[in-house]
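# Chain and residue survey
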Amino acid sequence: MITLYGHNLSRANRCLWVLEELGIDYEQNKIDHRDGSTKTPEYLAINPSGKTPALLDGDVCMSESLGINLYIAQKYGGGSLWPNDDEGRAKSIQWTMWAATELEGPVITVVVERLFKPENARDEAAAKAAENKLPSVLNVLNTSLEGRNYLASDDFTIADLNAGCVVASLKMVGFDFSTYPNVSKWLDGILGRDAYQKVQAMPKP
Amino acid sequence: MITLYGKVMSRAARCVWVLEELGLEYEHVPTDSRTGEYKTEEFLSINPGGKIPALKDGEVSLFESLGINLYLAQKYGAGSLWPDDECGQAQVIQWTLFAATELEPPGAARLVEFIFKSEDERNQAIWEAAEKRAGPVLDVLEASLQNSLYLVGDCFTIADLNTSVVLEYLDRTGVDLRPWSKTYGWYRTCIDRPANQRVTEMKKTS
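For the structure given in this document, a descriptive report is provided here. These figures come from a predicted structure and were not determined experimentally. (Residues numbered from 1 in each chain as written. Chains lettered and ligands numbered in written order. Predicted model: local features only at pLDDT ≥ 70, side-chain atom pairs only at ≥ 80, totals over all residues. Heavy atoms only, no water.)

Let's shift gears to the pairing of strand 1 (residues 2–5) of chain B. Residue and element names in this part refer to chain B. Where burial is concerned, the two faces of strand 1 agree: the one with Ile-2 and Leu-4 and the one with Thr-3 and Tyr-5 are both buried. Once you follow strand 1 into helix 1 (residues 12–22) and on to strand 2 (residues 26–29), the crossover reads as right-handed. Where strand 1 meets strand 3 (residues 54–57), four bridges bridge the pair, whose relative direction is antiparallel. The residue of strand 3 that forms the bridge with Ile-2 is Asp-57. (Buried < 20%, exposed > 50% of the residue type's maximum accessible area, 1.4 Å probe, protein only. Helix = DSSP H or I, 4+ residues; strand = E, 2+ residues; numbered from the N terminus. Right-handed = clockwise from strand over helix to strand, strands pointing away. Pairing = 2+ DSSP bridges.)

Right, dumping it as structure tokens:
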């Protein structure tokens with residue numbers, strides 16, 4: 001049995017998308033750092049950092065949202081989310097790491113500083129610096145999507161999901177994607193998928 | 001044929017370590033981001049972001065240093081750098097992402113201040129905030145290494161390589177790792193491996 005730890009407004013959302021894509025049976029334990037339930041000895045044994053999400057799958061126990069997604073794709077998504085060919089697999093790993101190292105930093109800073117923080121606590125300089133980083137990052141994505149529908153193969157894979165779930169956060173701040181037409185088209189396509197829509201419709205804490 | 005792009009004094013060193021660890025034959029093109037070499041059509045066709053390292057392996061090409069390492073380990077390191085069991089495979093993916101998302105940001109922040117600025121030009125706020133941020137991350141490593149010599153299973157895997165090579169940023173920029181005694185012992189074991197010593201030699205002659 002698979003158990004995913006983390007509520008729907010956390011990065012667990014990313015993993016819910018994968019689980020729903022693959023139609024896997026799972027339980028969700030909606031622990032929340034705001035009520036202390038991520039700092040219990042039981043949870044710290046699963047993830048010593050006390051962060052969510054984490055995943056239990058039989059004897060397998062792991063943390064890191066994009067890593068969980070890569071693992072689930074490899075184990076349960078052979079030939080669909082996890083491509084059968086070397087090139088597709090290499091690109092799936094590449095885009096997962098790229099989402100973590102290049103994309104997530106500026107995206108999260110923009111969302112936090114423009115939306116999540118109360119207005120009087122926002123750091124304008126940090127927000128601006130992050131926004132200034134976005135064009136070069138999004139241009140890499142836009143160039144890579146030139147003449148193709150998906151990042152790693154002819155079909156939707158974990159590469160699209162892992163990069164897409166991070167880019168999608170920019171929708172929350174009404175980011176204008178019009179200068180990145182390939183990204184815009186790709187993002188609308190993947191966010192329209194049934195699994196993503198199902199996760200978005202789930203109750204939020 | 002495997003071709004690695006990126007001078008050894010860059011994140012390409014991480015990938016050289018894996019290639020040396022696995023004893024793979026490879027060609028090394030020391031692309032230098034300062035000379036414009038990364039803007040050639042050949043290189044941009046591999047990485048439109050123009051960053052090093054990048055790798056070609058026959059028809060396959062990819063970028064992202066830790067991702068290249070994961071790819072090489074999975075393809076060529078079965079039973080050594082890439083564990084045979086599912087738990088181990090999940091764990092090496094986890095630690096690779098941990099290295100990228102938790103460990104690299106404070107390490108890279110300090111490295112920028114360390115390499116490109118003299119001591120009195122250094123942004124003290126960034127310098128100190130990065131060290132402070134590293135503390136809880138090192139605590140996680142320390143907790144995970146309480147009862148084992150390596151991060152995943154009983155032997156050295158790509159998890160140890162990808163994590164220790166990123167931890168090196170903190171070590172190099174003067175963060176004293178010794179208070180995290182298990183982590184420090186493990187870190188020394190990893191970076192002292194012969195394959196990584198060869199990378200160190202390459203840096204000296206580059």
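Attention now goes to the layout of surface pockets. Considering only enclosed or pocket space, the second largest pocket measures out at about 240 Å³ in volume. What lines the second largest pocket is a set of 15 residues, among which Lys-91, Ser-144 and Arg-148 of chain A together with Ser-45 and Ile-46 of chain B lie closest to the centre. Counting residues per element, the lining of the second largest pocket draws most heavily on helix 4 (residues 86–116) of chain A, at four residues. Looking at the lining of the second largest pocket residue by residue, the classes come out as seven nonpolar, five polar and three charged. (1 Å grid on protein atoms, 1.4 Å probe; cavity = no way out; pocket = protein on both sides within 12 Å on 5 of 7 lines; lining within 4 Å. Points joined across faces, edges and corners; volume = space filled by probe spheres on them. Nonpolar A, V, L, I, M, F, W, Y, C, P; charged D, E, K, R; others polar.)

A few words now on the packing of helix 3 (residues 65–76) of chain B against helix 6 (residues 158–172) of chain B. A packed helix pair is summarised by two numbers, namely the angle formed by the two axes and the spacing between the axes. All names here are of chain B. Relative orientation of the contacting elements helix 3 and helix 6 amounts to 160°, with a least axis distance of 10 Å. Our classification of the angle between helix 3 and helix 6 gives roughly antiparallel. Here helix 3 runs over helix 6; the crossing is right-handed. Facing Leu-66, Asn-69, Leu-70 and Ala-73 of helix 3, the residues of helix 6 in contact are Ile-158, Leu-161, Asn-162, Val-165 and Val-166. For the contact of helix 3 with helix 6, the residue count by class is seven nonpolar, two polar and no charged. (Axes fitted to C-alpha atoms, helices over the stretch in contact; angles between N-to-C directions. Parallel < 35°, antiparallel > 145°, perpendicular 65-115°, else oblique. Left-handed = near helix turned anticlockwise from the far one by under 90°. Contact = heavy atoms within 4.5 Å.)

For the rest of this paragraph, the subject is the pattern of salt bridges. Residue and element names in this part refer to chain A. Scanning the model with the defined rule gives 28 salt bridges over all chains in all. Salt-bridge contacts for Asp-32 lead to Arg-34; the nearest nitrogen and oxygen are separated by 2.7 Å. Among the residues examined, Arg-34 registers a relative accessible area of 56% and is labelled exposed. A salt bridge links Lys-171 to Asp-188; the nearest nitrogen and oxygen atoms lie 3.1 Å apart. One end of the pair, Lys-171, is in the loop between helix 6 (158–167) and helix 7 (181–191); the other, Asp-188, is in helix 7, and 17 residues separate them in sequence. Each member of the salt-bridge network shares a partner with another, and the members are Arg-114, Glu-124, Lys-128 and Glu-131. (Salt bridge = Lys/Arg side-chain N within 4 Å of Asp/Glu carboxyl O.)

Our next topic: the pairing of strand 2 of chain B. Two elements, strand 1 of chain B and strand 2 of chain B, share four bridges in a ladder whose sense is parallel. Paired with Thr-3 of chain B across the strands is Glu-27 of chain B, a residue of strand 2 of chain B.

For the rest of this paragraph, the subject is the state of the cysteines. Considering all chains together, one arrives at zero disulfides over all chains under this definition. With no disulfide partner, Cys-165 of chain A has as its closest neighbouring cysteine sulfur the one in Cys-15 of chain A, 8.1 Å distant. Exposure remark for Cys-165 of chain A: the relative accessible area of 9% places this residue in the buried category. Here Cys-190 of chain B is not disulfide-linked; the sulfur of Cys-155 of chain B is the nearest cysteine sulfur, at 12 Å. (Disulfide = S-S within 2.5 Å.)

This next bit is on the sheet that holds strand 4 (residues 60–63) of chain B. Residues and elements named next belong to chain B. Strand order in the open sheet made by the four strands is 2-1-3-4, with mixed pairing throughout. Two strands lie at the open edges of the sheet, namely strand 2 and strand 4, each paired on one side alone. When the angles between neighbouring strand axes are averaged without regard to direction, this sheet yields 15°. Pairing geometry for strand 3 and strand 4, over four bridges, is antiparallel. Looking across to strand 4, one finds that Leu-55 is bridged to Leu-62.

Contact with chain B, which involves 31 residues of that partner, is made by 32 residues of chain A. Summing both sides of the interface, chain B and chain A together bury roughly 2600 Å²; the carbon and sulfur share of this comes to 64%. Between the two partners, chain B and chain A, sit four salt bridges. One salt bridge connects Lys-75 of chain A with Glu-86 of chain B, and the closest N-O pair in it is separated by 2.9 Å. Linking chain B with chain A are twelve residue pairs in polar contact (both at pLDDT 80 or more), by the criterion used here. Every element with two or more residues in the side of chain B that touches chain A is listed here: strand 4, helix 3, helix 4 (86–116) and helix 5 (124–144) of chain B. The dominant element in the side of chain B that touches chain A, judged by the number of residues it contributes, is helix 4 of chain B, at twelve residues. (Buried area = accessible area lost by both parts, 1.4 Å probe. Polar contact = N/O pair within 3.5 Å; in protein donor to acceptor, adjacent residues only side chain to side chain.)

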